[in-house]
Amino acid sequence: MSDSESMPKPPTMHPRMDDGDAPVRVRSPQQGLSWITWILLAALGVVVAWVIWQERSDAVTSAVQWRTDYATALTEAKKANKPVLLNFTTEWNKACHQMKRDVWTDSSIADLVHARTVPVLMDLDRPVVRQIADKLGVMAYPTVLLVDPQGIEFRRAGPMSRDEVREFLGMQ
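This is a predicted model, so every value here is computed, not measured.

**Student:** Hey, could you run me through the overall build of the protein in this one?
**Tutor:** Counting its secondary structure elements, the protein contains seven helices and six strands. Considering the protein as a whole, with its 172 residues, one finds that 31% of them fall into the buried category. Of all intrachain contacts in the protein linking residues separated by at least 6 positions in sequence, the fraction that spans at least 24 positions is 64%.

This is the structure we're talking about:
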């Protein structure tokens with residue numbers, strides 16, 4: 001092996017000259033990323049982390065003890081002589097997340113729901129729930145229904161505040 005083969009190659013010279021008429025050194029792609037590229041990648045990382053954090057901040061615990069089986073809830077409602085509260089919701093809808101965070105986490109709302117109804121969480125991302133929603137004409141999210149123990153709807157609402165839920169359940 002000759003001396004010229006073992007020596008590193010000098011950086012590529014740009015043909016343009018700077019103020020001192022000396023050749024301007026230009027980094028070749030093999031020499032790594034520029035500092036501007038690293039700053040842009042770091043900024044992108046911060047944005048991605050913020051978006052993930054925002055999504056996870058919606059991961060709250062409901063104070064309502066939701067059932068997930070509609071047929072079982074109807075049977076329970078018949079025995080208890082209560083209506084069934086159907087909360088049609090999705091994981092991807094902002095208004096659904098807002099109700100989950102602002103309404104269903106309230107213990108006074110949960111106490112009222114448990115005292116007056118048999119609550120059922122109807123996750124519209126499940127095909128069986130989608131069929132029930134179609135049968136009941138649910139087309140917007142969230143939709144909250146009250147049905148009697150035979151499954152006949154008698155009250156319907158969209159997104160609600162705590163006070164609106166109290167009114168919906170007959171407390172105001």
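Having put the structure on the table, let's press on.
**Student:** Even after reading the chapter, I still don't get the pairing of strand β3 (residues 84-89), so can you show me in this structure?
**Tutor:** As a general feature of sheets, a regular strand has side chains that alternate between the two faces. The buried count for β3 comes to six of six residues, which makes it a mostly enclosed element. Strand direction decides the pairing type here: β3 and strand β5 (residues 143-147), joined by five bridges, are antiparallel. Within the sheet, the bridge partner assigned to phenylalanine 88 lies in β5 and is threonine 143.

**Student:** Is there a simple way to explain the nonpolar core in this structure?
**Tutor:** Ranked by size, the top nonpolar core spans 18 residues in total, and within it Val84, Leu86, Phe88 and Met122 carry the most contacts. Contributions of two or more residues to this core are made by α3 (70-80), β3, β4 (118-123), α6 (127-136) and β5. With residues near it in sequence (within four places) discarded, leucine 86 still touches Tyr70, Val120, Met122, Leu136, Thr143, Val144, Leu145 and Val147.

**Student:** Sorry if this is basic, but what is going on with the packing of aromatic side chains here?
**Tutor:** Where two aromatic rings form a pair, the distance of their centres and the angle of their planes describe that pair. Taken as a whole and assessed by the stated rule, the structure comprises two aromatic pairs. When the ring of tryptophan 66 is compared with that of tryptophan 104, the centres are 5.0 Å apart and the planes differ by 85 degrees; the resulting orientation is edge-to-face. Taken as a pair, tryptophan 66 in the loop between α2 (35-57) and α3 and tryptophan 104 in the loop between α4 (94-102) and α5 (107-116) lie far apart in primary sequence, 38 residues in all. On the basis of relative accessible area, tryptophan 104 is assigned to the buried category, the value being 3%. Consider the rings of tryptophan 92 and tyrosine 141, whose centres lie 5.7 Å apart with planes at 85 degrees: the pair is edge-to-face. Residue tryptophan 92 is located in the loop between β3 and α4, and its partner tyrosine 141 is located in the loop between α6 and β5; the two are separated by 49 residues in the primary sequence. Residue placement shows arginine 155 over the ring face of phenylalanine 168; its charged tip is 5.9 Å from the ring centre.

Thresholds, definitions, all that
Residues numbered from 1 in each chain as written. Predicted model: local features only at pLDDT ≥ 70, side-chain atom pairs only at ≥ 80, totals over all residues. Heavy atoms only, no water. Helix = DSSP H or I, 4+ residues; strand = E, 2+ residues; numbered from the N terminus. Buried < 20%, exposed > 50% of the residue type's maximum accessible area, 1.4 Å probe, protein only. Contact = heavy atoms within 4.5 Å. Pairing = 2+ DSSP bridges. Core = buried A, V, L, I, M, F, W, Y, C linked by side-chain atoms within 4.5 Å. Phe/Tyr/Trp six-rings, centres within 6.5 Å; stacked < 30°, edge-to-face > 60°. Lys NZ or Arg CZ within 6 Å of the ring centre and 35° of its normal.

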